[in-house]
Structures are given as C-alpha cells and as structure tokens.
Amino acid sequence: MNRMRMGRTAVAVGVVAGLSGLLAACGSSSGSGTSSSAAAASTSAAASGSTSASAAAGTCINEIFGAGGPEAGQGVTIPAGMLLAVTGQGSFFGKVMSQGALLAADQIKEAGGMDYQITVADHKSGDVPTAITETKKLIQNGIEVLQTSYGAPSEAIIPIIQAGGVLTFNGGGSSPAQLSQDYLWMNRMVYAEDPAPGALAWLHKTYPDAKKLALIGTMENGVGTFKETAPNIWKKLTGGEVVAAEQHDVGTTDFKALAQKILAANPDVVQTFSFGDDLGYQVKALREAGYKGPIMMDEFTSQAAKIAGSAYEGVNFGVDFYTPANPNPWNQCYVKAYKAKYGEDPEYYGSNYYEQVFIVWDLVKRVIKAGGDPTDAAQLQAALIADPTFNSVYGGDATTVGKVTLDTVDHSISKPMGVFVVKNGQPELIQEIVKIKAGEDPNSALK
Amino acid sequence: MNFELLAQLTITGIVLGSFYALMGMSFGIVYQTSKIFHLANAIPFAAAGFAAVWSAETFHLPMFGAFIVGLVAAVIVGLLILVLGYFPLINRNATLLSLFLVSLGVTVAFPNLLQIVFGTQNKTLQVYGADGTLNRAFETQVYNVGFLTITQLDIVKIIVCWLVVLCVVLFVNKTRFGRSITALRTNPTMAAAVGINSKVVYIVVFAIGSLIAGMGGLFVTTEFVAYPTMALQWTLIGFIAVFFGGIGSLPGTALGGLLLGLLSSWSSVWLGVQFAPVVVFGALFIILLVRPQGLFGKAAA
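Residues numbered from 1 in each chain as written. Chains lettered and ligands numbered in written order. Predicted model: local features only at pLDDT ≥ 70, side-chain atom pairs only at ≥ 80, totals over all residues.

### Observations regarding the confidence of the model for chain A
Let me state the cut-off plainly: Here pLDDT means the predictor's own confidence in every residue, given as a number from 0 to 100. For the purpose of contact definition, each residue receives a C-beta atom placed from its backbone, and two residues are in contact when these atoms lie within 7 Å.
Across chain A, the average pLDDT comes to 87, with 87% of residues at 70 or higher. In this model residues 1–19 of chain A is a low-confidence stretch, pLDDT under 50, and it forms 17 contacts with partners more than four residues away in sequence or in other chains.

### Quick word on the interface of chain A and chain B
For the record, the criterion: A run of H or I in DSSP counts as a helix once it spans at least four residues, and a run of E counts as a strand once it spans at least two, with each numbered from the N terminus.
Taken together, the contact between chain A and chain B spans 43 residues of the former and 46 residues of the latter. Listing elements by their share of the side of chain A that touches chain B, those giving two or more residues are helix H1 (2–29), helix H4 (91–110), strand S7 (241–248), helix H10 (256–264), helix H11 (278–288) and helix H12 (302–308) of chain A. Broken down by element, the side of chain A that touches chain B gets its largest block of residues, 12 residues, from H1 of chain A.

### Structural notes on the packing of helix H8 (residues 196–206) of chain A against helix H9 (residues 223–238) of chain A
All names here are of chain A. Selection criterion: Angular values range over 0 to 180 degrees, each being the angle between N-to-C directions of two axes fitted as lines to C-alpha atoms, with helices fitted over their stretch in contact. Crossings are sorted by hand: turned counterclockwise from the far helix by less than a right angle, the near helix makes the crossing left-handed, and turned clockwise it makes it right-handed. Under the convention adopted here, Pro, Cys and the residues Ala, Val, Leu, Ile, Met, Phe, Trp and Tyr are nonpolar, Asp, Glu, Lys and Arg are charged, and Gly plus all remaining residues are polar.
It is the contact of H8 with H9, at a shortest axis distance of 10 Å, that shows an interaxial angle of 35°. Between H8 and H9 lies a crossing whose hand is right-handed. In this structure, H8 uses Ala196, Pro197, Leu200, Ala201 and His204 to contact H9, whose residues at the interface are Thr225, Thr229, Ala230, Ile233, Trp234, Leu237 and Thr238. Here the residues of the contact of H8 with H9 are counted per class, giving 8 nonpolar, 4 polar and no charged.

### Examining the pairing of strand S3 (residues 142–145) of chain B
Residues and elements named next belong to chain B. For the record, the criterion: Two strands make a pair as long as DSSP finds a minimum of two bridges between them.
Bridge count between S3 and strand S4 (residues 148–151): 4 bridges; the pairing is antiparallel. Counted as the bridge partner of Val142 is Thr151 from S4. Joining the antiparallel neighbours S3 and S4 is a turn of 2 residues, in which Gly146 adopts a positive phi near 65°.

### Observations regarding the domain arrangement of chain A
Residue and element names in this part refer to chain A. The criterion, for reference: Residue ranges labeled as domains rest on an automatic or database domain assignment.
When its domains are assigned, chain A resolves into domain 1 (36–189 + 325–414) and domain 2 (196–319 + 416–445). Between domain 1 and domain 2, the contact holds 14 residues from the first and 12 residues from the second. Class assignment of the residues belonging to the side of domain 1 that touches domain 2 gives a composition of 5 nonpolar, 8 polar and 1 charged.

### Focus: the environment of Pro153 of chain A
All names here are of chain A. With respect to the helices, strands and loops of the structure, Pro153 is situated in helix H6 (residues 151–156). Once the C-alpha coordinates of Pro153 and His411 are considered, the two residues, 258 residues apart in sequence, prove to be 18 Å apart. When sequence neighbours within four positions are dropped, the list of residues in contact with Pro153 reads Leu83, His123, Gly126, Val128, Ala131 and Thr148.

### Observations concerning the pairing of strand S14 (residues 417–423) of chain A
All names here are of chain A. Put simply, the rule is: Residue burial here comes from a neighbour count, namely the number of other C-beta atoms, placed from the backbone, that lie within 10 Å of the residue's own C-beta, with 20 or more meaning buried, 12 or fewer meaning exposed, and in between meaning partly exposed.
With 5 of 7 residues buried, S14 is to be regarded as a mostly interior element. Pairing of strand S10 (residues 316–319) with S14, which is carried by 4 bridges, proceeds in the antiparallel orientation. Paired with Asn316 across the bridge in S14 is Val421. Strand direction decides the pairing type here: S14 and strand S15 (residues 426–433), joined by 7 bridges, are antiparallel.

### Some thoughts on H4 of chain A
Residue and element names in this part refer to chain A. What counts is decided by this rule: Expected span of a helix: the number of residues minus one, times 1.5 Å.
Its 20 residues place the ends of H4 28 Å apart at the C-alpha level, agreeing with the 28 Å of an ideal helix rising 1.5 Å per residue. By the criterion of burial, H4 is predominantly enclosed, with 20 of the 20 residues buried. A positive phi of about 85° marks Gly112, the residue just after H4.

### Let's talk about the packing of helix H3 (residues 63–91) of chain B against helix H4 (residues 96–118) of chain B
A packed helix pair is summarised by two numbers, namely the angle formed by the two axes and the spacing between the axes. All names here are of chain B. Cut-off, in case you're wondering: With respect to orientation, any angle under 35 degrees is reported as roughly parallel, any angle over 145 as roughly antiparallel, any angle of 65 to 115 as roughly perpendicular, and every other angle as oblique.
Between H3 and H4, the shortest axis-to-axis distance is 9 Å and the interhelical angle comes to 150°. Overall, the two elements H3 and H4 adopt an arrangement that is roughly antiparallel. Crossing angle aside, the handedness with which H3 passes H4 is right-handed. On H4, the residues touching Ile81, Gly85, Tyr86 and Leu89 of H3 are Ser98, Leu99, Val102 and Val106. A class-by-class count of the residues in the contact of H3 with H4 yields 6 nonpolar, 2 polar and no charged.

Pasting the structure below:
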C-alpha cells in the first residue's frame, strides 16, 4: 500500500515537475537551439552584404571622427562578443542590437579604423545559466570587449567578466545591481530608476488631482523602483498613495486578471515598469478592462505597439529615448547607413549598441596615442575613466554631434530623457526630463 | 471580499478556461488515441497564425479567407509531422520515448525556422481595406453589462471553443468512425483484429488535433500577433488540462481546462497574478496524488 502511494507520489511529482520545467522554459525562451557559433555565422553573413552601405557612410564617419590610418586603429583587431537574446521571446531585441553593432563595426573599418570582430552568443531571452556558459565560452575564445543585454544575465556574469578582465557594456537591461562594477559600463540610463522621478513629476503636473497610483512591474528589472523609489516619490509629489502594486513574470501574455485587479483599486494613474512585448499585452488588457486613465510606461517598442494596436494611442512613456529624426549630423549619417543596410529606421536598442562600438573605437585611438596596447581591456578602461565623455547619436543639433558622459564612480550614463505620448502609433516628445539624485525634489527632474 | 472583482474574474476565468479546454481537446484527442506525447502540436498552432498573416498580405485575402488558409496549413503541417516523423518510427516498433524525442526535436526547431523565414518581428494580422491600405484585421469591441466587462472576441472565443468541444465529443461517441477511435484507444490489438486500420485513424485524429490547434493559433494572432514562440505555452496548457480533467475522457479534459482557467483567475483575488502558475501546478499535483486518472477520468481496470 505504502509502495503504491509512493509510486503515485513519484508519478505526480514527475509529471508536475516535468511540465513546470517545460512551461518555465517556454516562458523564458522556447525553441532555442541556436548555438553561439551558428548565431555568429548568421550575423557575419548579414554583415558581409553591407559594404556598399558602409562605404557610403564612410565619408561622414571620417568627417565626425577624423581620418583613418594606424593612429585610428587600422590594423588592430579587437575580438568582441555580444551576449544577446538571439532566440526566444526577446529575439527582436537581439536582432536590432546586433544590427547596430555590426553596422558600427563596418563603418569603422571602412573609415580606416579598428577591425572589430563580433561573435554573437545567445542567452535565449534572459536565461541566466545559458548566459554564464556562453560568456565563459566567449572569454575562452579571447574576447576583449563584451556587449551584454538584459538585467538578470548581465548581473550574473559580473564575476566572470571581472575575472576575465573583459571591458563590458550594457545598453539594454541596465539595473542598480550593475552599478559601480569594475569592467561593466551602462550606456542606457538605469532602467526605471532614472526616468521614474521625471515621469511621475510629469504625471503630477499634468493631472494635479491624481492621488491614487497603481504600479505594475516584473520580478526581474526595476524591482527597487517598483517597491521603494516610485511609492516614495509619488507620496512626496502628491501626498497620495499606491493603491495597487502587481508584479508578474517576464513574458506574460495574459494580463486580464491583473488588469481587473488594478481596475478594482480605482487608480487615478497607472505606472508600469514592465518591458518588451509584455507592455503591449498589458496596455491592451487595461484598456479592454475599462481603465481609461493615464498609463505611464518605461519604454516604447514597435513590437509591443503591434500587440496593443489602437490601445496604445495616448499612452505615455518616460525614457532616455532615441529618435531617428534627431538632426545631429552623426545621427543622420547613422540613420542613412542603417536604412541602406537593413531597410528600416534604427531604433533605441540598436542605437545603444551602435554607440558602444564607437566608444570602444575612441578608447582604442586614445590608447594608441598614449603608446599603449589597444588590445588590453584594462588599458581601454583606464582611458575611459580618464575621459568619460563620448560622441552620441542622442542630443546635439543640426550642426553639433551630441555628447554623453559615463559616470566614473557608478558606471552609469547621463543622456537626454523625455516623456513621450504615442500618437498615430508613433512616439512624440512632450516633456524633457533629467536624472536627479536620491532625495532631490522630484519636480526638479522636469526640464 | 470584493464581489464585483470576483464576478469579473469569473468571466475572465471562463474565457481563459474555454481556451484551455480547446487546447486540451487538441492534445487530448491525439494523446488518448495514439499515446504519443505530441508536444509538436505547438507547430500547427504557430503555422496557422503565420500562414494567415502571410496569405492576407500576399494574396489580399479577407480575414476569413486568411483563417481558412491558416487552418489548412495547420492540418497539412500536423499530418506532415505524423507521416514523416512518427509513421517511420511506428513502423519500426519504436518506443513512445523515441516518438516523444522526435516531437521535442521538431518543436524546438520549428520556431527557429519561422524566425529564419519570417524574421523576428511580431506579425500583425492585417487585411487590405477598400482604399488599398493594410489595416489590422480585427479590433475587438468592449461590452459593459452592469459592472461586468467582456470583449466581442471573448464571446466568440467561448462560443467557438465549446462548439468545438461538443463536435469532437459527438464525433468520437456517436459516429462509426468515432467508435473506431475509441476501439483503438481502449484495445489496439482487438481493434486491429476486427479490421480497423490504425494508420487511417491516426491520420484523422491528427488532422482534427491540428485543426483545433490551428484555431487556437488564429485566436492568438487575431487578438494580438503571431510570433515564432507563440505556441508552446498553450500546448503545455493542453497537456495539463488532459491530466487534470482525466485521461481517457474528452469531456473530462474540457471540464478540466475550464476549471484550470477559473482557478488561475480566481487565485489572483488572494494572491498576486504571478502565482497563477503555482496554483495551476499545485492543483494538478494534488489531483494526480488523489486521483491519478484525473478529475473525470476512469481508473484502469
């Protein structure tokens, strides 16, 4: 009898565990079988068809960054890796990030600069064990620079990149846990934490009677902002309170129950710190549940906009936002080359990874000028700390290239940020905002 | 207790549970007849969505024309898996584990194939309007009944899902061919002895399962978008509905799906919505402990 019970228990545990595992796997990344080498091969193939676009852009790159030649790194090969979501739900992000970096590598080589050799590895849309394994492989293959993405995988690989001495940039899932980490630099504002004061201050300014705030967030990125920063700022701004706070797994597609719980709390405004496609499902569910008030998000992607359809109209978001329309000469050179190569406008994430390669190029040139070894990541990082300001496709104007500055203490970045509204499916800037320090008046985040 | 919220979540649970029931029927009819753990049921689901999007844009088909193309694609893909993947192994008396491994392999490969062919971008089902522009095929209406809210698509989903459940149950229980399916399921040796061609039964059963999976894919594509990894989570829900409701009982599978949907939705009243999967798997665990044959399944003799 006991053996029968044990047998039943074993079967039950086995079936539940097996199905749970499969469901979890599918939540993070289903159907992901691409090896890093296969991904690298495909991206190299994509890069090979780009010469004409890059050559066309070569002149404008030289105009902005100076002449090529040995002093500009010609003849120097930088082995680099990218740790991206090549497969799984976030594969769109992996695609645009690699496109940005590959274009930059082509443009720099065409302009007589370094030969930036990229190998793309797949963390399968945020799978931490895979990210660790793939990073180890990249380091064993001798990379000197790594462009990583997502929050959890990037946090997990910190000890590995530090032990391997690999200069690393994250332009996607920046998070507080990645601050002040040796060898790791973020060229995206800290997710949720940096834009939240400005976004909430704008909500308060625009809807002065709003007191009840509902918060939505994931259990991965922006958790600190969700639990502490945003409630504190809202109380400081309005004297009001958080009436609902709902978290969900990354990759959730059914937000109907969540939307109904939010609606039942009768909030005046909703702030969500979710990201990626989740936002599209979420906003659609909120609107279909009957919520008609303001929704403030933390990013805009065309992917999520497709999911939400007309429900995205009028929704706001506060972010360090990239726009192809920026007349900044480097940005226009970049947009033209990107369109020629990929047949579409560049977007936010691709632009961050594009800029990272140019930061590396700048560092290589500085190390060569100082008589150092440009293939030594430690020397590249020392050059970054000595002068953390770089050209940018963000900011600037029709005659001036934008500038961004990395913080040499916490390794974050300062970039132009704004509150935007979605109109006719496209983002429109309505308020510039700036990063503020903890404890400062949140209203001062409005520029 | 917020009764308005509970009532609204009940509506949500019925919508969700109806879709779970549909997915349960799709997997259940295949599994119960062939005993193949047909994870690759995810493939017709995604194939229907992508075929509908592609045909609407390429051949300027109206929404229902694109649906038909999507369903045909689902059936073709499902039968190709059976004929090219499973039959050669069945002919060699391969174990069920071998069949499962084939299923797992194609399930992993197919989303990558979709990414290569169609790209990584989400695909919206769009149809050409009279002015020649492409527009989203379907924008759902929201209906308010008192304090309750439901969308037009949710109503369609409930009706279609339960009509499909009814049709499949009637087909299996009331038709001559359906009795062949039951015979093959309950006693394959005896079924063969009385002249039932198991391959023909498998073809019909896989066609039905793939057709239903394709319907699921079309619902998701119409409501949101099509994307390469869209199917696996719903396919797994189908498995859970089968084990929860009862192996060997198609009505039990459908009721199991409905109960899972309600449980998942109701649990968010007391727990955060992130705990819904925990509740679902917890319920499955308890059911398997207490009634290994599932809630409405029949114990083996």
